[in-house]
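# Breakdown of the fold
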Amino acid sequence: MTDELPPTAPTGQEPHSKINTEIPHAARIWNYWMGGRDNYKSDRAAGDAVSEVYPDIITMARESRHFLNRVVRYLAAEAGVRQFLDIGTGLPTMQNTHEIAQQVAPDSKIVYVDNDPLVLVHARALLVNTTPEGVTTYVDADFHDPDQIISDAANVLNLNLPVAVMFMGVLGYEPDLGEVRSILSKIMGAVPSGSFLVLWDSTNTGQAVVDSVAKLEENGAVPYVLRSPEALGQCFEGLELIDPGVVPITKWRAEFADLEEGPPLDAYGAVGRKP
């Protein structure tokens, strides 16, 4: 790990000028928990403060990626999805959406969405096709602007064909559940029948995880709202939940999980199909 600019940044681009390395940032903290190197001293300090009160955060970070892996494989291999809209991408690490999807279906199209300048640097450098038939691209947008996301994604994706819309551990940055549901409704309203909504998020199902969010804020990170599994379930109203429904992320299609049986994590996820 280093406090210098990441070596993967492409030349001739300057989004790193917006990066404040003195303030911890969620994408970099998450990268640290996942064992990545694209983080700074402030991120590591905040990450360590959280893991001291909630050691399971390390497991959560890594299991969230395994959940993504299983979901994308299911969608590409079993549900026949060939288009993915991954909103709130975060820093590229291991087994990114395009790598999994294009491994199963080489012609898959993936549009990543994020508005973090460091993520932009890495996305342009690393989020590239793994197959000649596929398409992988990046949209610089905030998930609070669904109209822009839909407009930009339509330049790559055929919105007359099913799309997997993914929100992986980011919706807590909007404190109002009603606003979250409005955002989801607008985006899912723009994709056709047979599309899917995928999301997971940290939940308020244990005191330690609640304490960890307070610790994160104490260290200068952006506040994050924990919701109940029931509240996450409301995000799927009007959709057909795929079995096993809203469950801890390690329990979703657990027969393919990499984690040994243990206590459920304070992180729930689900997949819903638009009828």
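From a predicted model like this one, the values you see are computed outputs, not experimental measurements.

### Observations regarding the overall build of the protein chain
- From N to C terminus, the protein chain includes nine helices and eight strands.
- Sequence separation of 24 or more characterises 75% of the internal contacts of the protein chain that already satisfy a separation of 6 or more.
- On the protein chain, roughly 11800 Å² of surface is accessible, and the fraction owed to carbon and sulfur atoms is 49%.

### Remarks on the environment of V156
- Along the chain, V156 turns up in the loop between helix 6 (146–153) and strand 4 (164–168).
- When residues no more than four places from it in sequence are discounted, the contact partners of V156 are K109, V111, V135 and T137.

### Some remarks on the confidence of the model for the protein chain
- In this model, the protein chain carries a mean pLDDT of 88, and residues with pLDDT of at least 70 account for 88%.
- For residues 1–17, every residue scores under 50 in pLDDT, and the model assigns this stretch 34 contacts once sequence neighbours within four places are set aside.

### Points about the environment of V81
- Mapping V81 onto the fold places it in the loop between helix 3 (56–78) and strand 1 (83–87).
- For V81, a relative accessible area of 1% puts it in the buried group.
- Counting along the chain gives 20 residues from V81 to A101, while the straight-line C-alpha distance between them is 8.9 Å.
- When sequence neighbours within four positions are dropped, the list of residues in contact with V81 reads L75, A76, A164 and F196.

### Side note on helix 6
- For helix 6, the complete set of buried residues consists of P146, I149, I150 and A153. Down the axis of helix 6, the buried set is contained in an arc of 95 degrees. They therefore lie on one face.
- On its buried face, helix 6 sits against strand 1, strand 2 (109–114) and helix 7 (177–189).

### Some words on the pairing of strand 8 (residues 267–273)
- Burial analysis of strand 8 places six of its seven residues in the buried class, the great majority of the element.
- Note: strand 5 (residues 196–202) against strand 8, seven bridges, orientation antiparallel. In the sheet register, S202 faces strand 8, and the bridge partner there is A267.
- As judged from the two bridges shared by strand 6 (residues 240–241) and strand 8, these two strands associate in the antiparallel manner. In the strand pairing of strand 8, L241 is matched with G272.
- Summarising the sheet, strand 7 (residues 247–248) and strand 8 pair through two bridges and their orientation is antiparallel. Counted as the bridge partner of P248 is Y268 from strand 8.

### Structural notes on the side chain of N39
- Residue placement: N39 occurs in the loop between helix 1 (26–33) and helix 2 (41–53).
- A polar contact is formed between the side chain of N39 and the side chain of R44, at a distance of 3.0 Å.

### With respect to the pattern of salt bridges
- Scanning all chains against the criterion turns up seven salt bridges.
- Measuring nitrogen to oxygen at the nearest pair gives 2.4 Å for the salt bridge that ties R253 to E78. Here R253 is found in the loop between strand 7 and strand 8, whereas its partner E78 is found in helix 3, with 175 residues between them in sequence.
- Residue classification places E78 among the exposed positions, given a relative accessible area of 52%.

### What to know about unusual backbone geometry
- Cis geometry marks the peptide bond from D243 to P244, where omega comes out at 10 degrees.
- Residue position: P244 is located in the loop between strand 6 and strand 7.
- Residue R253 is not a glycine yet carries a positive backbone phi of 50 degrees.

### Points about the layout of surface pockets
- Looking at the largest pocket, its volume works out to about 1000 Å³.
- A26, A27, G169, V170 and Y173 are, among the 48 residues lining the largest pocket, the residues nearest its centre.
- Elements with a contribution of two residues or more to the lining of the largest pocket: helix 1, helix 3, strand 2, helix 5 (117–126), strand 5 and helix 8 (207–218).
- Taken together, the residues of the lining of the largest pocket break down into 28 nonpolar, 14 polar and six charged.

Rules and cut-offs
- Residues numbered from 1 in each chain as written.
- Predicted model: local features only at pLDDT ≥ 70, side-chain atom pairs only at ≥ 80, totals over all residues.
- Heavy atoms only, no water.
- Helix = DSSP H or I, 4+ residues; strand = E, 2+ residues; numbered from the N terminus.
- Contact = heavy atoms within 4.5 Å.
- Areas by Shrake-Rupley, 256 points an atom, 1.4 Å probe, with all protein chains shown as cover.
- pLDDT = per-residue confidence, 0-100.
- Buried < 20%, exposed > 50% of the residue type's maximum accessible area, 1.4 Å probe, protein only.
- Arc of directions from axis to C-beta.
- Pairing = 2+ DSSP bridges.
- Polar contact = N/O pair within 3.5 Å; in protein donor to acceptor, adjacent residues only side chain to side chain.
- Salt bridge = Lys/Arg side-chain N within 4 Å of Asp/Glu carboxyl O.
- 1 Å grid on protein atoms, 1.4 Å probe; cavity = no way out; pocket = protein on both sides within 12 Å on 5 of 7 lines; lining within 4 Å.
- Points joined across faces, edges and corners; volume = space filled by probe spheres on them.
- Nonpolar A, V, L, I, M, F, W, Y, C, P; charged D, E, K, R; others polar.

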